[in-house]
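Structural description and commentary
Each chain, written out:
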Amino acid sequence: MVSIGLIATLHAAPGMEDEVASFLAGALPLVQAEKGTVAWFAFRIDESTFGLVDAFDDEAALQAHLDGDVAGALMGRAGELLSKPPEIRTVQLLAAKLPG
């Protein structure tokens, strides 16, 4: 059962909005390869603000995601793509409805 999640807010640097959208959409295959990531959503809040919501069964899966390719690539390009560092919160999941 999923018990832990991440909520992240990303603010695109001026003129980089389409790049951030493309980066997030292109990250899907990498996240799909992560065995411990139960659910992952990337979305646009407004023209320059984006979000991520992730769900994991345990702390080990969360840490594997944070140490994984998507997080590494995002942090490697954060200075170029984002106007400020990502706002990332770990949350305790109280209930979830997932496929399957």
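The rules behind these values
- Residues numbered from 1 in each chain as written.
- Predicted model: local features only at pLDDT ≥ 70, side-chain atom pairs only at ≥ 80, totals over all residues.
- Heavy atoms only, no water.
- Helix = DSSP H or I, 4+ residues; strand = E, 2+ residues; numbered from the N terminus.
- Expected span 1.5 Å × (residues − 1).
- Bend = angle between axes of the 7 residues up to and from the residue.
- Buried < 20%, exposed > 50% of the residue type's maximum accessible area, 1.4 Å probe, protein only.
- Axes fitted to C-alpha atoms, helices over the stretch in contact; angles between N-to-C directions.
- Parallel < 35°, antiparallel > 145°, perpendicular 65-115°, else oblique.
- Contact = heavy atoms within 4.5 Å.
- Nonpolar A, V, L, I, M, F, W, Y, C, P; charged D, E, K, R; others polar.
- Arc of directions from axis to C-beta.
- Core = buried A, V, L, I, M, F, W, Y, C linked by side-chain atoms within 4.5 Å.

Below, the discussion takes up helix α4 (residues 69–81). For α4, spanning 13 residues, the distance from its first C-alpha to its last is 17 Å, which sits close to the expected 18 Å at 1.5 Å a residue. Remark: the principal bend of α4, roughly 35°, maps to Met75. Taken residue by residue, α4 has Val70, Ala71, Leu74, Ala78 and Leu81 as its buried positions.

So, on to the environment of Gln63. Along the chain, Gln63 falls in helix α3 (residues 59–66). Judged by its relative accessible area of 40%, Gln63 falls in the partly exposed class. Separated by 27 residues in sequence, Gln63 and Gly36 have C-alpha atoms that sit 9.5 Å apart.

It is at 12 Å that the axes of helix α1 (residues 17–26) and α4 come closest, and there the two elements cross at 175°. One way to sum up the angle between α1 and α4 is to call them roughly antiparallel. Of the residues in α4, those touching α1 at Glu19, Val20 and Phe23 are Val70, Ala73, Leu74, Arg77 and Leu81. Split into classes, the residues belonging to the contact of α1 with α4 amount to six nonpolar, no polar and two charged.

In this section: α1. Looking at α1, one finds that the buried residues are Glu17, Val20, Phe23 and Leu24. For α1, the angular spread of buried residues about the axis comes to 125°, placing them on one side. Summarising the geometry of α1, the exposed residues directed more than 90 degrees from the buried face are Asp18, Ser22 and Ala25. In the core, the buried residues of α1 are packed alongside β1 (4–11), α2 (28–32), β2 (37–44), β3 (49–56) and α4.

Our focus in this paragraph is the nonpolar core. Side chains of nonpolar character tend, in soluble globular proteins, to be buried together. Counting 18 residues, the largest nonpolar core has Leu10, Val20, Leu24, Phe50, Leu52, Leu81 and Leu82 as its most contacted members. Taken together, the elements giving at least two residues each to this core come down to β1, α1, β3 and α4. The leading source of residues in this core is α4, at four residues. Once residues within four sequence positions are removed from consideration, Leu24 is found in contact with Leu10, Trp40, Ala42, Phe50 and Leu52. Residues Ile4, Phe56, Ala61 and Leu62 belong to the second largest nonpolar core, which totals five residues.

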